[in-house]
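Okay, here's what each chain looks like letter by letter:
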Amino acid sequence: MVEPVFEAGRLVADARSVVALTGAGISTDSGIPDFRGPQGLWTRNPEAERLSDISHYLADPEVRRRSWVSRLDAPAWSAKPNPGHLALARLERTGHLDWLLTQNIDGLHQMAGNSPERVVELHGTMRDCICMNCGDRRPMPDVLTRVRAGESDPPCEVCGGILKSATVSFGQQLDPANLRTAELAVREADVLLAVGTSLGVYPVAALVPISVRFGARLVIVNAEPTPFDDLADVVLRNNISEVLPTIADSLAESA
Ligand code: NAD
């Protein structure tokens, strides 16, 4: 019997179009905690999930002040891509990955070498800051410099509005163009690799059954069960940092 990880490699090797959908689990080995894994930020502090709704952020200056403090210290600022990210970059370089759809906001896929135009950041990015009033957008480090200098809730320099990281909070819409690109990608895919995501956040989670309905084979790489395991051709519960390099190696060997 073929080991499941090699079965996943074979599916990728035989596919015309491969799409990866990643979540926080691919970045835990870079030192960035996920939300719902056993050590997840929300598993340990359910109150943090409630406060992540955009309505609290807009209404309560104290929530914003706390958010700015946690942005200053975010582990992503010093994080480096791990072997899981690097394996996905290798898949793209060797022609085995067409699109990388990510729920992550940490920018590590681009840092690992995936082409920015092939990475769709469905939940935005923490590396930019956006004004909730006028839409002015600028690099997050510029605004964090103001926070370090003493502004605990820095207003927009253009219009005085509330600033926030360019991420999608609960209660905010995803960028419709990004969602459309992702939907088209998963419909075209022969193989969908769902990696490090609990697949509990919509509308992104819905991309999985859409892809399967349009004929994709589904490979799930996640330590814990997901609601879509029954739809999968292969489910791998091992560590992402080991599984993805093994898949990339198996493709190199079969080339
Ligand atoms: P999640 O926290 O809901 O689920 C992560 C899953 O990954 C868990 O089921 C966990 O068991 C699994 N996992 C963790 N480390 C793993 C490893 N090394 N190997 C195998 N499996 C592993 O994450 P989600 O589904 O992406 O949803 C959370 C939301 O939080 C997303 O919208 C995302 O934007 C955001 N988020 C992003 C980051 C980031 O950018 N790195 C970090 C935390 C949360």
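Structure: see above.
What counts and how
Residues numbered from 1 in each chain as written. Predicted model: local features only at pLDDT ≥ 70, side-chain atom pairs only at ≥ 80, totals over all residues. Heavy atoms only, no water. Helix = DSSP H or I, 4+ residues; strand = E, 2+ residues; numbered from the N terminus. Rg over C-alpha atoms; globule rule 2.2 N^0.38 Å. Buried < 20%, exposed > 50% of the residue type's maximum accessible area, 1.4 Å probe, protein only. Areas by Shrake-Rupley, 256 points an atom, 1.4 Å probe, with all protein chains shown as cover. Near = heavy atom within 4 Å. Polar contact = N/O pair within 3.5 Å; in protein donor to acceptor, adjacent residues only side chain to side chain. Nonpolar A, V, L, I, M, F, W, Y, C, P; charged D, E, K, R; others polar. Pairing = 2+ DSSP bridges. Axes fitted to C-alpha atoms, helices over the stretch in contact; angles between N-to-C directions. Contact = heavy atoms within 4.5 Å. Parallel < 35°, antiparallel > 145°, perpendicular 65-115°, else oblique. Left-handed = near helix turned anticlockwise from the far one by under 90°. Arc of directions from axis to C-beta.

Caption draft 1: Focus on the overall build of the protein. Scanning the protein from terminus to terminus reveals eleven helices and nine strands. A globule of 255 residues ought to have a C-alpha radius of gyration of about 18 Å, and the protein, at 19 Å, matches this closely. By principal-axis analysis of the C-alpha atoms, the protein measures approximately 60 × 30 × 30 Å. For the protein, the residues scored as buried account for 47% of the 255 residues in total. When the accessible surface of the protein is totalled, it reaches about 12200 Å², and 52% of it is carbon and sulfur.

Caption draft 2: Examining the site of the ligand more closely. Close contacts around the ligand come from 27 residues, with Gln103, Asp106, His123, Ser198 and Glu224 the closest. Separating a nitrogen atom of the ligand from a backbone N or O atom of Ile240 is a distance of 3.1 Å. A total of 860 Å² of accessible area belongs to the ligand in isolation, and the protein chains cover 92% of it. The residue inventory of the shell around the ligand, partitioned by class, reads nine nonpolar, 14 polar and four charged.

Caption draft 3: Molecular detail of the sheet that holds strand β9 (residues 234-236). Reading across from one edge, β3-β2-β1-β7-β8-β9 is the order of the six strands in this open sheet, with parallel pairing throughout. Each having just a single partner strand, β3 (119-121) and β9 make up the two edges of the open sheet. Strand after strand, the sheet turns through a mean of 15 degrees between neighbouring axes, direction not considered. As paired strands, strand β7 (residues 191-195) and strand β8 (residues 217-221) are joined by five bridges and run parallel to one another. Residue pairing in the sheet places Val195 in a bridge with Val221 of β8. In the packing of helix α1 (residues 4-14) onto the sheet, contacts are made with β1 (18-22), β7, β8 and β9, and the angle to β9 comes to roughly 130 degrees.

Caption draft 4: Just the packing of helix α6 (residues 83-93) against helix α11 (residues 240-254), in detail. One way to put it is that α6 packs onto α11 with a least axis distance of 7 Å and a crossing angle of 25 degrees. Relative to α11, the element α6 lies roughly parallel. Considering only the axes of α6 and α11, their crossing is left-handed. From α6, Pro83, Gly84, Ala87, Leu88, Arg90 and Leu91 reach across to α11, where they touch Ile240, Ser241, Leu244, Pro245, Ala248, Asp249 and Leu251. Grouping the constituent residues of the contact of α6 with α11 by class yields nine nonpolar, two polar and two charged.

Caption draft 5: Examining helix α8 (residues 140-148) more closely. Burial in α8 covers these residues: Met140, Val143, Leu144, Arg146 and Val147. Projection of α8 onto a plane perpendicular to its axis shows the buried side chains occupying an angular sector of 150 degrees, all on one side. On the buried face of α8, the contacting elements are α5 (61-72), β4 (124-131), β5 (137-139) and β6 (163-167). Positive phi appears at Gly150, one or two residues downstream of α8, with a value of about 120 degrees.

Read these as geometric descriptors, not functional statements.
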